[in-house]
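# Inside the fold
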Amino acid sequence: MDLLEYQGKQLFARHGLKVSAGQAVGSVEEALGAAAQIGYPVVVKAQVLTGGRGKAGGVKLAGDEAELREHAHNILGMDIRGHVVHTLWIEHASDIAAEYYAAVLLDRPAKRPLVIFSVEGGVDIEQVAKASPEKVVRRHVDPLQGLSHEQALVIAREGGADADVLDGIADALVALYEVWAQEDATLAEINPLIVTPQREVQALDAKVSLDGNALFRHPENEGLSDVENEDPIERRAREQGVQYVKLDGDIGILGNGAGLVMSTLDVVAQAGGSPANFLDAGGGSDAQKISQAVQLILANEAVKAVLFNIFGGITRCDEVARGLIAAFEQITPNVPFVVRLDGTNDVEGRRLLQEAELPNVYTAKTMNEAAENVVALASGRGVGAPA
Ligand code: GDP
Ligand code: MN
């Protein structure tokens, strides 16, 4: 779960990292009101889940009301690489003496947290890492010990931070590590981490990703998802407790269990099709859950055919069949369904489907057959008689 800059900064502030005072706003008038409280000069910053906003014109300094009005007006509604700006962050502008880079992330192969630090911060850290890798310090942290002030000092010194700010940088690194560890983040990045002319260290930007699976441990962070920019069907799915990810194709996929759904995506792709979504109905899928899932899949108008791939275990195939029949009572899909039932009560499930005589529903015995049929149906070719 990626956070907007201002949400990341709120987490930073909670852990003692210095950030500039600011307010999130949604209109030019609100921006003017915020700046009047914060005090000019201010920075107007597009809140979208993509980097390089500065280069795209989404970060502007405003010295007075007229400038703020102009920039806020221009940035609201701006499209930054496919992300439309609905929210601005207005913060008191900072004076910059140096721009550094700092990040904490999980190094999966090493199974350890990794601290990255460079005095060549600013906009293009990837460029620095490529052109002069010696300017980027990378150090692992023992997850049981955490990052000590001493180790952080060594990192700051190795990176070549100015001597008078070594302590300040080390404090910032320790605080950033705390954000990463205590908030269950997968990434906590500051670019730039600035040194002001008064030699204070401050986070000017924030990129934080939280582990969605650990969110239950942080009820206070639940409101942080980017609700405004979330796909509406994905939001509905989340609210219903269904695992749903929107993809770009035209074949709706439902399976039970993430592993089965992933292999279904592969088999459909192999048959020449393109999945429209990933939907895991989970174990023990009852009729109501199946009915909800069908409605979620059909809410995506790109879907031309749907594949149900159920391997019965805890989930009983007859329950799934009942769910499908119940769903068809509430909505009349205008796209064909291919249903593959295997495992617990599969015979009973197929019998129920046959008796219900659902229009446009085809059954298949194997996953390959199901995939080939659904791809044929999505492309407008027939596959013989319905179930
Ligand atoms: P990004 O382009 O999406 O990474 O957005 P940033 O928040 O990192 O801002 C981009 C650049 O704008 C920074 O590297 C700074 O050079 C500049 N900038 C942002 N805020 C301020 C500020 O308060 N004062 C000054 N002088 N420059 C700023
Ligand atoms: Mn940045």
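Quick caveat: nothing in here was measured; it's all calculated off a predicted structure.

### Re the site of ligand 1
Close to ligand 1 lie 16 residues, the nearest being Lys-45, Arg-53, Gly-54, Ser-94 and Glu-99. In this structure, an oxygen atom belonging to ligand 1 sits 3.0 Å away from a side-chain N or O atom of Glu-99. Relative to its unbound accessible surface of 560 Å², ligand 1 loses 82% to contact with the protein. Counting only elements with at least two residues in the shell around ligand 1, the list comes to β2 (42-46), β3 (59-62) and β10 (185-195). Partitioning the shell around ligand 1 into residue classes produces 7 nonpolar, 5 polar and 4 charged.

### Quick notes on the packing of helix α8 (residues 258-270) against helix α12 (residues 367-378)
Running from N to C, α8 and α12 point in directions that differ by 55°, and their axes come no closer than 9 Å. Of the possible angle classes, the one that applies to α8 and α12 is oblique. Where α8 crosses over α12, the two elements pack in a sense that is right-handed. Here α8 contributes Leu-260, Ser-263, Thr-264, Val-267 and Val-268 to the contact with α12, which in turn contributes Met-367, Asn-368, Ala-371, Val-374 and Val-375. Considering only residue class, the contact of α8 with α12 consists of 7 nonpolar, 3 polar and no charged.

### Details of a negative patch on the surface
A cluster of acidic residues, Asp-64, Glu-65, Glu-67 and Glu-70, forms a negative patch on the protein surface. On the secondary structure map, Asp-64 appears in the loop between β3 and α3 (65-75).

### Side note on the pattern of salt bridges
Applying the stated criterion across every chain, the model contains 21 salt bridges. Two residues, Arg-69 and Glu-29, come together in a salt bridge whose shortest N-O distance is 3.4 Å. Placement of the pair is Arg-69 in helix α3 and Glu-29 in helix α2 (residues 28-38), with a sequence separation of 40 residues. Here Asp-162 and Arg-199 are joined by a salt bridge, their closest N and O atoms 2.9 Å apart. One end of the pair, Asp-162, is in the loop between α5 (149-159) and α6 (166-182); the other, Arg-199, is in the loop between β10 and β11 (201-203), with 37 residues separating them in the sequence. Looking at Arg-199, the relative accessible area reads 31%, which means it is partly exposed. Among the ionic contacts, a cluster of salt bridges with common partners joins Glu-5, Lys-9, Lys-45, Arg-53, Glu-91 and Asp-205.

### Focus: the coordination of the manganese ion (ligand 2)
The manganese ion (ligand 2) binds to the protein through Asn-191 (O) and Asp-205 (OD); the donor distances cover 2.2 Å. Of the two residues, Asn-191 is situated in strand β10 and Asp-205 in the loop between β11 and β12 (207-210); the sequence distance between them amounts to 14 residues.

### Here we look at the sheet that holds β3
Read across the sheet, 4 strands follow the order β1-β6-β2-β3 without closing on themselves; strand pairing throughout is antiparallel. Because the sheet does not close on itself, it has two edges, and the strands there are β1 (22-25) and β3. The sheet shows a mean angle of 20° between the axes of neighbouring strands, direction not considered. Bridge analysis of β2 against strand β6 (residues 88-92) gives 5 bridges, and the strand direction is antiparallel. Across the sheet, Lys-45 pairs through a bridge with Trp-89, a residue of β6. Helix-sheet contacts for helix α1 (residues 5-14) involve β1, β2 and β6, and the interaxial angle to β6 is about 45°.

### Structural notes on the nonpolar core
Counting 41 residues, the largest nonpolar core has Phe-12, Tyr-100, Leu-147, Ile-169 and Leu-173 as its most contacted members. For this core, the secondary structure elements donating two or more residues are α1, β7 (98-107), β8 (112-118), α5, α6, β10, β11 and β12. Counting residues per element, this core draws most heavily on α6, at 11 residues. Counting 32 residues, the second largest nonpolar core, distinct from the first, contains Ala-321, Ile-325, Leu-341 and Leu-352.

Cut-off values and rules
Residues numbered from 1 in each chain as written. Chains lettered and ligands numbered in written order. Predicted model: local features only at pLDDT ≥ 70, side-chain atom pairs only at ≥ 80, totals over all residues. Heavy atoms only, no water. Near = heavy atom within 4 Å. Polar contact = N/O pair within 3.5 Å; in protein donor to acceptor, adjacent residues only side chain to side chain. Areas by Shrake-Rupley, 256 points an atom, 1.4 Å probe, with all protein chains shown as cover. Helix = DSSP H or I, 4+ residues; strand = E, 2+ residues; numbered from the N terminus. Nonpolar A, V, L, I, M, F, W, Y, C, P; charged D, E, K, R; others polar. Axes fitted to C-alpha atoms, helices over the stretch in contact; angles between N-to-C directions. Parallel < 35°, antiparallel > 145°, perpendicular 65-115°, else oblique. Left-handed = near helix turned anticlockwise from the far one by under 90°. Contact = heavy atoms within 4.5 Å. Patch = residues over 30% accessible without salt bridge, like charges linked within 9 Å, V, L, I, M, F, W, Y side chains within 5 Å. Salt bridge = Lys/Arg side-chain N within 4 Å of Asp/Glu carboxyl O. Lys, Arg positive; Asp, Glu negative; His and termini not counted. Charge placed at Lys NZ, Arg CZ, Asp CG, Glu CD. Buried < 20%, exposed > 50% of the residue type's maximum accessible area, 1.4 Å probe, protein only. Donors = N, O, S within 2.8 Å, 3.2 Å for Na, K, Ca; no water. Pairing = 2+ DSSP bridges. Core = buried A, V, L, I, M, F, W, Y, C linked by side-chain atoms within 4.5 Å.

It is worth stressing that arrangement in space is one thing and function is another; only the former is reported here.
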